[in-house]
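What the coordinates show
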Amino acid sequence: MLQPAFPALEILAQLPSGGLLLTPNNRLRNRCQQVYAGTQKSGTNWQPPAVESLQGWLDKLWFDLQQRGWQPAMYRVLNREQRQLLWQRALDEALDRQLLNSQQLCRDADSALAQLLQWQLVTDLEQLDEQVAPLLEQFALSLDGDAYPLFEMIRAFHRELIAHNAITPDQRDQRLLQAFQEGALPQLAQIDKAGFAQISPLYDALIQSAAARVVDHPSTSQQAKIAFAPCQNLEEELYQAARWAAQKLEQDTQASVGIVVNNLGQCRAQVEAVFARVLEPQFLDTAQPRYTLPFNFSAGIPLAQTPVGNTALQLLDLLNEEWDYSQLRNLLFSPFWGTSDELWLRTALFRRVQKLELRRVTGDQLRMWAERITADLKLEAPQLPRQLEKVGDLQRRWQKAPAEVWAARFSEVLAALGWPGDRNPDSQEYQQLMQWEGALEALASLSGFGPSLTKTQALQQLRQIASRTPFQAETRDGPVQILGVLEAGGLAFDHLRLVGFGQQQWPTAPAPNPLLPILWQKHWKMPRASAERELELARELTEDLLNASSDIVVSFASEEDGVHQGVSSLFGERETAAPIESDALINHNRHLADATALEKVADTHVPPMQPADCEQVRGGAAVLKAQALCPFNAQLRYRLGASGFMAPDIGLSPAERGNLVHQVLAEFWEACTDADRLRNLDEAEREQMIESSITSSLRNMRKKHAHLPVGFWSMEQQRLQRLMEQWLDLESQRPGFKVEKIEWEQRVEINGLKFSLRLDRLDQLANGEHLVIDYKTGQPSINDWLQTRIREPQLPLYALFQPDARAIAFGQVRVSDCKWRGCGELEQAIDGIKAVADSQKDSPFTTWQDLTDHWQQGLELLAGEYRNGVATLQFDRKQDNDIQNELWPLNRWPEREQAAQ
């Protein structure tokens, strides 16, 4: 069992009647109670020991005074959120200028006032000026409101306290001291202090006044074996600490092992992940039921980051009527709401919304698609559409209201959505539910301290409360205790490891309060005031830590922020501990690697397509392109539906910009049908037709992206105007033509596969020949038509089904780079469209018929492969793999590369 670092049983045995053992925190108090309970006979009744934590003792004293009706105790003690609201109002009253971070200033002001009260520099806010003036004069400082705005804020804050008949926790402590001095509270016979590092003057005076005799018990000194463990970085420190703890537990399963992590609150998640991986690797398996890990943390995590609390806040975000994809993904896939039977429906909803490729999804869109998917699937009485509609109705009706009303409303929303789900919560989830109710009560308690709140303000307040509320699961003690530096004070371990104690981390850097005069803070040694004060505290804490065990290892990162460092000089010179290179998971992986190699059988086929599937092949010509680039990826994408979506951009995506160009060109050629009319247009008519085409094309796009400002669409209009003028200049230089087909849909069949194609444009030339055109806003290459595996099959496929076609061409529509790229057999040459024999160096094709025969064979080869399930994972070019990296989790390409190396 983990023991206190002082003789708790002896202290309790020697306490006189009415005496008290006082500890700095609940953890140490609990340890003393457990040690005492371990000495009592089972099956007998016994009186609990007289041991309290400092704050627990003060809370009981205050409750006792209120029960007695002592007049100075008839005030409400404000919590942090209530004080924050009053400080905000005091700030608005005291300062007549806007601030970028008023919340941080209010927190600093609250901390500054607490220090003034705890150091007893101010004992009565009614006499603030009289008490502060001699202090400023002592250091030759001026009571100038511009120099020290804190004092004006305190005056305004004090007026708010009076108006609400309230006091701060530090004022409460001052009144407890007054109660002992005036005899309103009876004096104890003796108080024994144990485990304290440094204590404020107010607490010291309060303890001294509370007892006739105060005894301070230092930690028991031990002769420790101390070693240093240099590491590369914090991650290596944590792995070394976890492996070291595992070794100690293998040697003695009953041993108490302490891991003290400097700045634990900042790296708790990383610490938990590393220790779980080393000590309980099976815990990382999502199929494993939750159980208690063999280590305990002294630092909790914010309620807002727990599964239950985080889901509740995400569900309440449905009231905002607009979300990004990460918010929706986390929300719709959460098991903590609705019914588990509808999880697949929520998955289908998210998949459909993703296809919209919107930057943010609105509530109307989410509700509409939930209803459509439900109707398409013909589901009976689904809950999801009704739940979303109910939330949408509530948020439309709700107006400003006090905080307590919003707390009730938030509970109503969560209940309507089926939070926290239909499964029975486990112990930790149940504790999180109880703490969530406390967060809502804390929100409701703000009603009397501020005006009515909007929905956004109420949600922000609740999120702040949940983010500041630590959740510490109540579990059985594990053999490994992971603590912060202050939490480790007063405890003793069989083995102790200190993590993060390099020269730059220990002592900690000073961080004085920005609102208090720095000379005051240094003179009275206030928290974080100066390097001297932090060094003094670090020395005291270091001595306590080195007395906490007889087996100690101190680790540090050899490099911090790019600067080489050693261990803190407070630990002196010690021997170096050997690094631990393995743990259970590493040994298991090595065992697997050294095992008999399994025979590998290449499987390059999937089941062939059924005749019914060949009747309408989804994807069009893109199927054949995918088969040419990588057969396995083609099967994944078009037969198994493993398609990705374009990541939403701030403005328009590249695909949307390309579609806009296609639409504008289609609109223009619908109006201007041939080369003669194009050449006969005067400048005003041509400009008007271009502008009309652009305006019509932008109309639907503007509806989709209604969040974009007017200026954006003005710039897009100018871009398209400039692009069209350059492209039409190129078109007007061509021999005569007539635009015969625009965005023409056509069904074709090749080697048993039937496709639906959409042709951008088909031109009839003067002699009756046809030119097949596909617009591109990139930089295409005609060489992709001439390979054995045709990498750009779209235009060749179109050409095969146009008997009068004699050329195909990409229309490269790019600003300052408009050109034709194609090949064929035309009587009247077009600049950029090469003759077949000149399409490439040493071309094997001399006539158009040779080229179409090549396309027929190549496309039939690709279609046959796809229909027969050919699924080899191979790429002709590296970039073909890179541009399809969203399929790597399925084709496991990185693992294959790693195995090949």
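Definitions and limits used
- Residues numbered from 1 in each chain as written.
- Predicted model: local features only at pLDDT ≥ 70, side-chain atom pairs only at ≥ 80, totals over all residues.
- Heavy atoms only, no water.
- Helix = DSSP H or I, 4+ residues; strand = E, 2+ residues; numbered from the N terminus.
- Buried < 20%, exposed > 50% of the residue type's maximum accessible area, 1.4 Å probe, protein only.
- Areas by Shrake-Rupley, 256 points an atom, 1.4 Å probe, with all protein chains shown as cover.
- Lys, Arg positive; Asp, Glu negative; His and termini not counted.
- Charge placed at Lys NZ, Arg CZ, Asp CG, Glu CD.
- Expected span 1.5 Å × (residues − 1).
- Pairing = 2+ DSSP bridges.
- Salt bridge = Lys/Arg side-chain N within 4 Å of Asp/Glu carboxyl O.
- pLDDT = per-residue confidence, 0-100.
- Axes fitted to C-alpha atoms, helices over the stretch in contact; angles between N-to-C directions.
- Contact = heavy atoms within 4.5 Å.
- Right-handed = clockwise from strand over helix to strand, strands pointing away.
- Parallel < 35°, antiparallel > 145°, perpendicular 65-115°, else oblique.
- Left-handed = near helix turned anticlockwise from the far one by under 90°.
- Polar contact = N/O pair within 3.5 Å; in protein donor to acceptor, adjacent residues only side chain to side chain.
- Phe/Tyr/Trp six-rings, centres within 6.5 Å; stacked < 30°, edge-to-face > 60°.
- Lys NZ or Arg CZ within 6 Å of the ring centre and 35° of its normal.
- Nonpolar A, V, L, I, M, F, W, Y, C, P; charged D, E, K, R; others polar.
- Arc of directions from axis to C-beta.
- Patch = residues over 30% accessible without salt bridge, like charges linked within 9 Å, V, L, I, M, F, W, Y side chains within 5 Å.

Turning our attention to the overall build of the chain. Scanning the chain for helices and strands turns up 34 helices and 27 strands. Dimensions along the principal axes, computed over C-alpha positions, put the chain at roughly 115 × 70 × 60 Å. Expressed as a percentage of the 901 residues in the chain, the buried residues total 48%. As displayed, the chain has an accessible area near 44,100 Å², and 48% of this comes from carbon and sulfur atoms. The distance from the centre of the 89 positive side-chain charges to the centre of the 118 negative ones in the chain is 3 Å.

What follows covers helix H19 (residues 455-468). In this model, H19 (14 residues) spans 20 Å end to end at C-alpha, consistent with the 20 Å of a helix rising 1.5 Å per residue. Every buried residue of H19 is accounted for by Ala458, Leu459, Gln461, Leu462, Gln464, Ile465, Ala466 and Arg468.

This paragraph deals with the pairing of strand S22 (residues 737-750). In the sheet, S22 pairs with strand S23 (residues 753-765) via twelve bridges, with the strands oriented antiparallel. Its bridge partner lying in S23, valine 748 is registered against phenylalanine 755. Adjacent in sequence and paired antiparallel, S22 and S23 are bridged by two residues, among which asparagine 751 carries a positive phi angle near 50 degrees.

Right, let's get into the pattern of salt bridges. With the rule as written, the count across this model stands at 45 salt bridges. Taking the shortest distance from any N to any O, the salt bridge between arginine 155 and glutamate 152 comes out at 2.8 Å. With arginine 155 and glutamate 152 both in helix H7 (residues 149-163), this residue pair falls three residues apart, about one helical turn. Arginine 155 sits in the partly exposed class, given a relative accessible area of 22%. Here arginine 877 makes a salt bridge to aspartate 784, at a shortest N to O gap of 3.4 Å. Pair noted here: arginine 877 is in the loop between helix H31 (848-868) and helix H32 (878-882) and aspartate 784 is in the loop between strand S24 (770-776) and helix H30 (794-800), with a separation of 93 residues, a long-range link. Here the salt bridges do not stand alone but share partners, grouping Glu731, Arg734, Arg761 and Asp763 into one network.

What follows deals with the confidence of the model for the chain. Considering every residue of the chain, the mean pLDDT works out to 88; 98% of them sit at 70 or more. Looking over the chain, one finds the lowest element-wise mean pLDDT in strand S19 (residues 559-560), namely 78, and the highest in helix H8 (residues 169-182), namely 95.

To continue, consider the sheet that holds strand S18 (residues 551-557). Read from one edge to the other, the open sheet built from seven strands follows the order S10-S15-S9-S17-S18-S8-S21, with strand pairing classed as parallel. Two strands lie at the open edges of the sheet, namely strand S10 (295-297) and strand S21 (575-576), each paired on one side alone. Sheet topology places strand S17 (residues 495-499) next to S18; three bridges connect them, and they run parallel. Its bridge partner being in S18, leucine 498 is matched across the sheet by valine 554.

Here the focus is the sheet that holds S22. Spatial ordering of the open sheet is given by S22-S23-S24-S25-S26-S27, a layout of six strands whose pairing is mixed. Strands at the two margins of the open sheet, each flanked by one partner only, are S22 and strand S27 (833-835). Each strand axis lies, on average, 30 degrees off the axis of its neighbour in the sheet, ignoring direction. Summarising the sheet, strand S26 (residues 819-824) and S27 pair through three bridges and their orientation is parallel. Its bridge partner being in S27, glycine 822 is matched across the sheet by isoleucine 833. Packed on one face of the sheet, helix H29 (residues 710-731) meets S22, S23, S24, strand S25 (805-812) and S26 and runs near 40 degrees to S26. Contacts from H31 reach S22, S23, S25 and S26 within the one sheet, and its direction differs from that of S25 by about 70 degrees.

Residues Val215 and His217 line the buried face of strand S7 (residues 214-217), whereas the alternating positions Val214 and Asp216 sit on a face that is not buried. One ladder, built from four bridges, connects strand S6 (residues 191-194) with S7; its direction is parallel. Its bridge partner lying in S7, aspartate 192 is registered against valine 215. Handedness of the crossover is the feature at issue here: the chain leaves S6, passes through helix H9 (residues 201-210), returns alongside S7, and the resulting connection is right-handed.

Note that the residue after tryptophan 419, namely proline 420, is joined by a cis bond; omega there is 10 degrees. That bond from tryptophan 506 to proline 507 is cis: its omega, 0 degrees, falls within 30 degrees of zero. Its location among the elements puts proline 507 in the loop between S17 and helix H20 (518-523). The backbone of asparagine 263 sits at a positive phi, close to 60 degrees, despite the residue not being glycine.

Turning our eyes to something else, we now look at the packing of helix H26 (residues 654-671) against H29. With their axes 11 Å apart at the nearest point, H26 and H29 run at an angle of 55 degrees to one another. Judged by the inter-axis angle, H26 sits oblique to H29. H29 is crossed by H26, and the crossing has right-handed handedness. Along the contact surface, H26 presents Arg657, Leu660, Val661, Val664, Leu665, Phe668 and Trp669, while H29 presents Phe712, Glu716, Arg719, Leu720, Leu723, Met724, Trp727, Leu728 and Glu731.

This part takes up the side chain of glutamine 746. Looking at where glutamine 746 falls in the secondary structure, it is placed in strand S22. A distance of 3.1 Å separates the side chain of glutamine 746 from the side chain of glutamine 802, its partner in a polar contact. What glutamine 746 contacts, discounting residues up to four positions off in sequence, is Phe755, Ser756, Leu757, Phe801 and Gln802.

A full pass over the atoms with the stated rule returns 23 aromatic pairs. Ring geometry for phenylalanine 333 against phenylalanine 350: centres 5.5 Å apart, planes inclined by 70 degrees, an arrangement best described as edge-to-face. You can see phenylalanine 333 sitting in the loop between helix H13 (325-332) and helix H14 (343-355) and its partner phenylalanine 350 sitting in helix H14, a full 17 residues away along the chain. The exposure class of phenylalanine 333 is partly exposed, given its relative accessible area of 34%. Exposure remark for phenylalanine 350: the relative accessible area of 5% places this residue in the buried category. Here the aromatic residues Phe139, Phe151, Trp520 and Trp524 are joined through ring pairs into a cluster of three or more. Sitting above the plane of the phenylalanine 196 ring, lysine 193 keeps its charged end 5.7 Å from the centroid.

What follows covers the side chain of glutamate 429. Relative to the helices and strands, glutamate 429 resides in helix H18 (residues 427-444). Looking at glutamate 429, the relative accessible area reads 3%, which means it is buried.

Let us look at the environment of asparagine 45. Tracing the chain through its elements places asparagine 45 in the loop between helix H2 (26-38) and strand S3 (51-53). For asparagine 45, a relative accessible area of 82% puts it in the exposed group. For the pair asparagine 45 and leucine 61, spaced 16 residues apart in sequence, the C-alpha to C-alpha distance is 27 Å.

A pair of packed helices can be characterised by two numbers: the angle between their axes and the separation between those axes. The contact between helix H5 (residues 102-118) and H8 brings their axes to 9 Å, and the two run at 10 degrees. The angle between H5 and H8 falls in the class roughly parallel. Residue-level inspection shows Ala114, Leu117 and Gln118 of H5 in contact with H8, the latter providing Asp170, Gln171, Asp173 and Gln174. Per-class residue counts for the contact of H5 with H8 are two nonpolar, three polar and two charged.

Our next topic: helix H6 (residues 128-138). Since there are 3.6 residues in each turn of an α-helix, residues three or four apart along the chain are aligned in direction. Within the span of H6, buried status applies to Leu128, Gln131, Val132, Leu135 and Leu136. Seen end-on, H6 carries its buried residues on one side only, within an arc spanning 130 degrees. In H6, the exposed positions angled more than 90 degrees off the buried face are occupied by Glu130 and Glu137. Against the buried residues of H6 lie H7 and H20. Positive backbone phi, at 55 degrees, marks alanine 140, one or two positions downstream of H6.

We now examine the environment of histidine 591. Turning to its location among the elements, histidine 591 is positioned in helix H22 (residues 584-594). With 17 residues separating them along the chain, histidine 591 and arginine 574 place their C-alpha atoms 36 Å apart.

Here lysine 754 is to be found in strand S23. For the pair formed by lysine 754 and arginine 618, sequence separation is 136 residues and the distance between their alpha carbons is 9.3 Å.

A cluster of acidic residues, Asp682, Glu683, Glu685, Glu687, Glu691 and Glu725, forms a negative patch at the surface. Residue contributions to the negative patch peak at four residues, all from helix H28 (residues 683-704).

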